[in-house]
2 protein chains.
Amino acid sequence: MKHRIITISREFGSGGRTIGRLTAEKLGIPCYDHELIDRIAEQSGFGKEYIKERGEYTSHASWIASAFSERDFYGHSNQDYLWNVQRKVILELAEKESCVIVGRCADYILRDTADCLKVFIYADMAKRAERIISQYGESSEAPEKRLRDKDKRRAAYYQFYTDMKWGEARHYHISLDSGTLGIEKCVHVISELY
Amino acid sequence: MKHRIITISREFGSGGRTIGRLTAEKLGIPCYDHELIDRIAEQSGFGKEYIKERGEYTSHASWIASAFSERDFYGHSNQDYLWNVQRKVILELAEKESCVIVGRCADYILRDTADCLKVFIYADMAKRAERIISQYGESSEAPEKRLRDKDKRRAAYYQFYTDMKWGEARHYHISLDSGTLGIEKCVHVISELY
């Protein structure tokens, strides 16, 4: 049987990771999120915190700046190396079994090779701010500022490696506003479509 | 009881109108599409063909060009007048009953006043080309060219009157790729979420 993959792209604080985990539970298939980071750490030698941060975010909020930053004499950066390892790990997983993969441009990486249901999860600023405070606690920075910075750097990462604009509906099969619809309804819809 | 409205924004050729009609049938509520045009014609005095064309499309593919085109001494255009009548008709409908409204920036017009489920329907170029040929027949222009022109002028209209970018997932509660998922599944998901 051919495997079916669900890729979940999500805005920071939208609950996309939780939606991925619950959908996988409901469907009885594995969900790769933290487990993905473990595998990438194993194969790349990078630390997990570095992978978490630099496997989805650029260091600059502009993809043009990031295109020129931190490169060696040959134009390679650690982030490029990490991208290649991530790509390899994601392709291997999709080859092996049906699963849910959260983040890391899996939608783009698997575009030609796997039978994917590509999902995008987002929510408005207020709902996400509420969620990150309840999940990660307060910090010295206002939650809106943290979110805006994360959004910009994730969009820049996505644009740099995929040459597509982050958050455009047409890159996905379904996009869901988790803030309005709620986590449970999102899980229900995705499971039904699978 | 407060009314619930479903607004369907759709790419030309994506089957969004059919999805709206079938969803309304399933839910036992009216669907306003052609009926909307009849009402706008009655209240505005414009012809139906003019309303179909200029109630969702600019005459130019750029919203900047459209901002300066066809204006009288006071800066008003027929399209502005049409926008105001459309707006009034849509607000009246939403006030009166639960219904499905297809197109005409209803998502934006009702943003503050009604309990809406905002849906965006799209599909890839190949699927839409196939659909417009089966629906409207061949024309001297290649279907991809017709679609690209419609897309551009609809996006320009949307940007000009709403100041938002057409096709960004975050403007809607749910976005669905009807080309991959199929009309029936889209109807099912929207009805379930209602």
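Only a predicted model underlies this, so the values are computations on that prediction, with no experimental measurement involved. Residue numbering note: each chain is counted from 1, following its sequence as written. Chains carry letters from A onward and ligands carry numbers from 1 onward, assigned in written order. Given that the model is predicted, a residue must reach a pLDDT of at least 70 before its local features are reported, and side-chain atom pairs must reach 80 or more before they are shown or counted; all residues, however, enter totals for whole chains, interfaces and linings. Water and hydrogen atoms were dropped before computing side-chain values, which therefore reflect all heavy atoms in the structure.

Brief notes about the packing of aromatic side chains
For step 1, the next point in the chain: Only Phe, Tyr and Trp rings are paired, with Trp represented by its six-membered ring, and only when their centres lie within 6.5 Å; those with planes under 30 degrees apart are stacked, over 60 edge-to-face, the remainder tilted. Per the stated rule, a full pass over the model turns up 24 aromatic pairs over all chains.
For step 2, the next point in the chain: Taking 4.8 Å as the distance between ring centres and 45° as the angle between the ring planes, the aromatic pair formed by Tyr157 of chain A and Tyr161 of chain A counts as tilted. Residue Tyr157 of chain A and its partner Tyr161 of chain A are both found in helix α8 (residues 143–162); the two are separated by 4 residues, about one turn of the helix.
For step 3, the next point in the chain: Summary of the burial criterion: residues with accessible area below 20% of their type's maximum are buried, those above 50% are exposed, and those between are partly exposed, where the area comes from a 1.4 Å probe applied to protein chains only. You can call Tyr157 of chain A buried: its relative accessible area is 1%.
For step 4, the next point in the chain: A relative accessible area of 13% means that Tyr161 of chain A is categorised as buried.
For step 5, the next point in the chain: An angle of 25° between the planes, with centres 5.5 Å apart, marks the rings of Phe120 of chain B and Tyr122 of chain B as stacked. Just as Phe120 of chain B is buried, Tyr122 of chain B falls in that class too. What counts as a helix is a DSSP run of H or I of at least four residues, what counts as a strand is a run of E of at least two, and both are numbered from the N terminus.

Quick notes on the interface of chain B and chain A
For step 1, the next point in the chain: Taken together, the contact pairs 22 residues of chain B with 22 residues of chain A.
For step 2, the next point in the chain: The largest contributions to the chain B side of the interface with chain A come from Arg170, His173 and Leu193 of chain B, which together make up 29% of the buried area.
For step 3, the next point in the chain: Salt bridge, as applied in this entry: a Lys or Arg side-chain nitrogen positioned within 4 Å of an Asp or Glu carboxyl oxygen. At the junction of chain B and chain A, the tally comes to 4 salt bridges.
For step 4, the next point in the chain: The salt bridge partner of Glu11 of chain A is Arg170 of chain B, with a shortest N-O separation of 2.2 Å.
For step 5, the next point in the chain: Each polar contact in these results corresponds to two N or O atoms within 3.5 Å; when the atoms are within protein, one needs to be able to donate a hydrogen and the other to accept it, and residues that are neighboring in sequence are counted only if both atoms are side-chain atoms. Connecting chain B to chain A are 15 residue pairs in polar contact (both at pLDDT 80 or more). By the convention used here, residues are in contact when the closest approach between their heavy atoms is within 4.5 Å. In short, buried area is how much 1.4 Å probe accessible area vanishes from two parts on joining, totalled over both.

Section: the environment of Lys26 of chain A
Residue and element names in this part refer to chain A.
For step 1, the next point in the chain: Mapped onto the elements, Lys26 comes out in helix α1 (residues 16–27).
For step 2, the next point in the chain: Sequence separation of Lys26 and Ser191 is 165 residues, and the distance between their C-alpha atoms is 7.4 Å.
For step 3, the next point in the chain: Sequence-distant contacts of Lys26, that is, excluding residues within four places in its chain, are made with Val187, His188 and Ser191.

Re helix α7 (residues 125–136) of chain A
Helical geometry: 3.6 residues make up each α-helical turn, so side chains three or four residues apart lie on a common side.
All names here are of chain A.
For step 1, the next point in the chain: Multiply 1.5 Å by the residue count of a helix minus one, and that product is the helix's expected span. Relative to the 16 Å expected for 12 residues at 1.5 Å per residue, α7 spans 16 Å between its end C-alpha atoms, a close match to the ideal helical length.
For step 2, the next point in the chain: Within α7 the residues assigned to the buried category are Arg128, Ala129 and Ile132. Take α7 and look down its axis: the buried residues cluster within an arc of 105°, on one side only. Turned more than 90 degrees off the buried face of α7, the exposed positions are Ala126, Glu130 and Ser134.
For step 3, the next point in the chain: Tucked into the core, α7 has its buried residues touching α8.
For step 4, the next point in the chain: Phi for Gly137, located one or two positions after α7, is positive at around 85°. This arc is built from the directions going out from the helix axis to the C-beta atoms.

Focus: the pairing of strand β5 (residues 174–177) of chain A
For step 1, the next point in the chain: Every second residue of β5 of chain A is oriented toward a common face, with Ile174 and Leu176 of chain A on one face and Ser175 and Asp177 of chain A on the other, all of them buried.
For step 2, the next point in the chain: As judged from the 4 bridges shared by strand β4 (residues 115–122) of chain A and β5 of chain A, these two strands associate in the parallel manner. Bridge pairing in β5 of chain A links Ile121 of chain A to Leu176 of chain A.
For step 3, the next point in the chain: Relative to strand β5 (residues 174–177) of chain B, β5 of chain A is paired through 3 bridges, and the arrangement is antiparallel. In the sheet register, Ser175 of chain A faces β5 of chain B, and the bridge partner there is Ser175 of chain B. DSSP-based pairing: two strands are paired if at least 2 bridges between them are found.

Remarks on the environment of Glu56 of chain B
Residue and element names in this part refer to chain B.
For step 1, the next point in the chain: If you trace the backbone, Glu56 turns up in the loop between α3 (48–54) and α4 (63–68).
For step 2, the next point in the chain: Classification of Glu56 as buried rests on a relative accessible area of 7%.
For step 3, the next point in the chain: Excluding residues that lie within four positions of it along the chain, Glu56 makes contacts with Arg10, Gly103, Arg104, Arg153, Arg154 and Tyr157.
For step 4, the next point in the chain: Within the structure, Glu56 has its side chain in polar contact with the side chain of Arg10 (distance 2.8 Å).
For step 5, the next point in the chain: In terms of polar contacts, Glu56 uses its side chain to reach the backbone amide nitrogen of Arg104, at 2.7 Å.

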